[in-house]
Amino acid sequence: MAIFHQHAVRIRPGTRTDRGGNTVPDWSPEAVDRLPISRLSVQPTAQIERVGPDRDEAITGWHVLSAPGTAPDVRSTDRIEYDGLLCEVVGEVARWPNPVTGSTHHVEWQMTRATG
């Protein structure tokens, strides 16, 4: 389908142990797992700008859908690199079932990028 022509990279953190002995996400370049994802439709959802006395802030959001028949490995704890921007997955990732086969029909998620 023509609308599923965009692509992104899913970035998943590794783990490390902090000074308290807790396992925490490790976002260092050598620890992350990068997975290219294709056949996406990325649609803008939000554009918020706030001007404050100390800084200006911009929040941009997108709704992402995978093409029918695809099931990209994306979790709520991942980051997404899209169009040269680093975004955060917001909320849970929805996996929509195929009503006939029960397998995943497509996957949807929200992502945002904040600057400022």
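Above this text sits the structure in question.
Below or above, wherever it landed, is the structure these notes cover. Since we're looking at a predicted model, the values are computed, not measured.

1. Observations concerning the pattern of salt bridges
Side chains carrying opposite charge are able to pair once their charged atoms draw close together. Within this structure, the stated rule accounts for seven salt bridges. In this structure, Arg 10 and Asp 33 form a salt bridge, with 2.8 Å as the shortest nitrogen-oxygen distance. Of this pair, Arg 10 sits in strand E1 (residues 6-12) while Asp 33 is found in strand E4 (residues 33-51), placing the two residues 23 residues apart along the sequence. Overall, Arg 10 belongs to the buried group, its relative accessible area being 2%. Taking relative accessible area as the criterion, Asp 33 reaches 40% and is therefore assigned partly exposed. For Asp 73, the salt bridge identified is with Arg 10, shortest N-O distance 3.4 Å.

2. Some words on the pairing of strand E6 (residues 79-82)
Of the two faces of E6, the one holding Ile 80 and Tyr 82 is buried and the one holding Arg 79 and Glu 81 is not buried anywhere. The sheet contact formed by E1 and E6 spans three bridges and is antiparallel. Across the sheet, Ile 11 pairs through a bridge with Arg 79, a residue of E6. Sheet topology places E6 next to strand E7 (residues 85-97); four bridges connect them, and they run antiparallel. Across the sheet, residue Arg 79 finds its bridge partner in E7, namely Glu 88. In this structure, the hairpin formed by E6 and E7 is closed by a connection of two residues, where Asp 83 is found at a positive phi of approximately 55°.

3. Considerations on the packing of aromatic side chains
Counted according to the given criterion, the structure contains one aromatic pair. Over the face of the ring belonging to Trp 27 we find Arg 79, whose NZ or CZ atom lies 3.7 Å from the ring centre.

4. Looking at the environment of Trp 27
By secondary structure assignment, the location of Trp 27 is in the loop between strand E3 (23-26) and E4. When the C-alpha atoms of Trp 27 and Phe 4 are compared, they prove to be 29 Å apart, with 23 residues separating the residues in sequence. Setting aside its immediate chain neighbours within four residues, Trp 27 contacts Ile 11, Arg 12, Pro 13, Val 32, Thr 77, Asp 78 and Arg 79.

5. Looking at unusual backbone geometry
Unlike most non-glycine residues, Arg 39 shows phi in positive territory, near 60°. The topology assignment puts Arg 39 in strand E4. Among the residues examined, Arg 39 registers a relative accessible area of 43% and is labelled partly exposed. Located in the positive-phi region is Asp 83, a residue other than glycine, with phi close to 55°. Turning to its location among the elements, Asp 83 is positioned in the loop between E6 and E7.

Conventions and cut-offs
- Residues numbered from 1 in each chain as written.
- Predicted model: local features only at pLDDT ≥ 70, side-chain atom pairs only at ≥ 80, totals over all residues.
- Heavy atoms only, no water.
- Salt bridge = Lys/Arg side-chain N within 4 Å of Asp/Glu carboxyl O.
- Helix = DSSP H or I, 4+ residues; strand = E, 2+ residues; numbered from the N terminus.
- Buried < 20%, exposed > 50% of the residue type's maximum accessible area, 1.4 Å probe, protein only.
- Pairing = 2+ DSSP bridges.
- Phe/Tyr/Trp six-rings, centres within 6.5 Å; stacked < 30°, edge-to-face > 60°.
- Lys NZ or Arg CZ within 6 Å of the ring centre and 35° of its normal.
- Contact = heavy atoms within 4.5 Å.

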